[in-house]
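# Overview (structure and organization)
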Amino acid sequence: MTKMTSQDLQGELTRHVGFDGAVPARVVELVARDGAWEGRLWEVLRIVAEDRDRMAFLCGGLHPAEVATWVGFWAEADLEVDQVAAIVAAGGYDPEPFEVLARHGLLDRALRDGAGMARRIDGELAGTWISDRFATTAPDEILAWAEQFPEQAG
């Protein structure tokens, strides 16, 4: 197994780019054929690239540099890999507000309702709503919101 580095990630994404200059939907499969990868970048790439539309949404496009940049942001975030997966599944696209929530044990409460289902806030998936609202917000404001958020609301 080889630990994937930022250079490896960029190289693999560039090598597998399609005729349109975009990272293909099956990039994880293609990269896995090249070697036995491990490490945080590899795990996060697998989450981000699980779905082509998701990858385009999270990365702001499908060019190798865009995908490598955003995989790097998520990999560098102070979040466990399973937390990254939960946030992304809930529509989150900016790791910063979720780092605050995770550090204070409020991440699951923010992403799931009392029944454990994906929470919706104002009709949006919680991850998207939180990313939209708190991407540039100070940590104390995020915490104030999360602490007063009803745990059983959905």
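Here, every reference points to the structure presented above.
Predicted model, so just to flag it, every value in this text is computed and none were measured.

Within the structure shown, the criterion is met by 9 salt bridges. Across the pair R26 and E29 runs a salt bridge whose closest N-O atoms are separated by 3.3 Å. The salt bridge partner of R103 is D78, with a shortest N-O separation of 3.6 Å. Taken as a pair, R103 in helix α7 (residues 95-103) and D78 in the loop between α5 (64-76) and α6 (81-89) lie far apart in primary sequence, 25 residues in all. Because the salt bridges share partners, they merge into one network encompassing E12, R15 and D34.

The interhelical angle for the contact between helix α1 (residues 6-15) and α5, taken along N-to-C directions, is 150°, at an axis separation of 9 Å. Judged by the sense of rotation from one axis to the other, the crossing of α1 with α5 is right-handed. Contacts between α1 and α5 pair L9, Q10, L13 and T14 from the former with P64, A65, V67, A68 and V71 from the latter. When the residues that make up the contact of α1 with α5 are grouped by side-chain class, the tally is 7 nonpolar, 2 polar and no charged.

Right, let's get into the packing of aromatic side chains. What the rule picks out here adds up to 5 aromatic pairs. Aromatic side chains F57 and Y93 sit 5.5 Å apart centroid to centroid with 80° between the ring planes, which places their arrangement in the edge-to-face category. Placement of F57 in helix α4 (residues 52-59) and of Y93 in the loop between α6 and α7 is noted, with a sequence separation of 36 residues between them. On the accessibility criterion, Y93 (23% relative accessible area) is partly exposed. Measuring from ring centre to ring centre gives 5.1 Å for F134 and W145, while their planes differ by 50°; the resulting arrangement is tilted. Of this pair, F134 sits in helix α9 (residues 126-134) while W145 is found in helix α10 (residues 139-148), placing the two residues 11 residues apart along the sequence. Of the two residues, F134 and W145, neither departs from the other in class, the shared state being buried. Taken together, the aromatic side chains of W129, F134 and W145 make up a single cluster linked through ring pairs.

A few words now on unusual backbone geometry. The residue D122 is not glycine, and still its phi comes out positive at about 50°. Relative to the helices and strands, D122 is located in the loop between β3 (120-121) and β4 (124-125).

Conventions and cut-offs
Residues numbered from 1 in each chain as written. Predicted model: local features only at pLDDT ≥ 70, side-chain atom pairs only at ≥ 80, totals over all residues. Heavy atoms only, no water. Salt bridge = Lys/Arg side-chain N within 4 Å of Asp/Glu carboxyl O. Helix = DSSP H or I, 4+ residues; strand = E, 2+ residues; numbered from the N terminus. Axes fitted to C-alpha atoms, helices over the stretch in contact; angles between N-to-C directions. Left-handed = near helix turned anticlockwise from the far one by under 90°. Contact = heavy atoms within 4.5 Å. Nonpolar A, V, L, I, M, F, W, Y, C, P; charged D, E, K, R; others polar. Phe/Tyr/Trp six-rings, centres within 6.5 Å; stacked < 30°, edge-to-face > 60°. Buried < 20%, exposed > 50% of the residue type's maximum accessible area, 1.4 Å probe, protein only.

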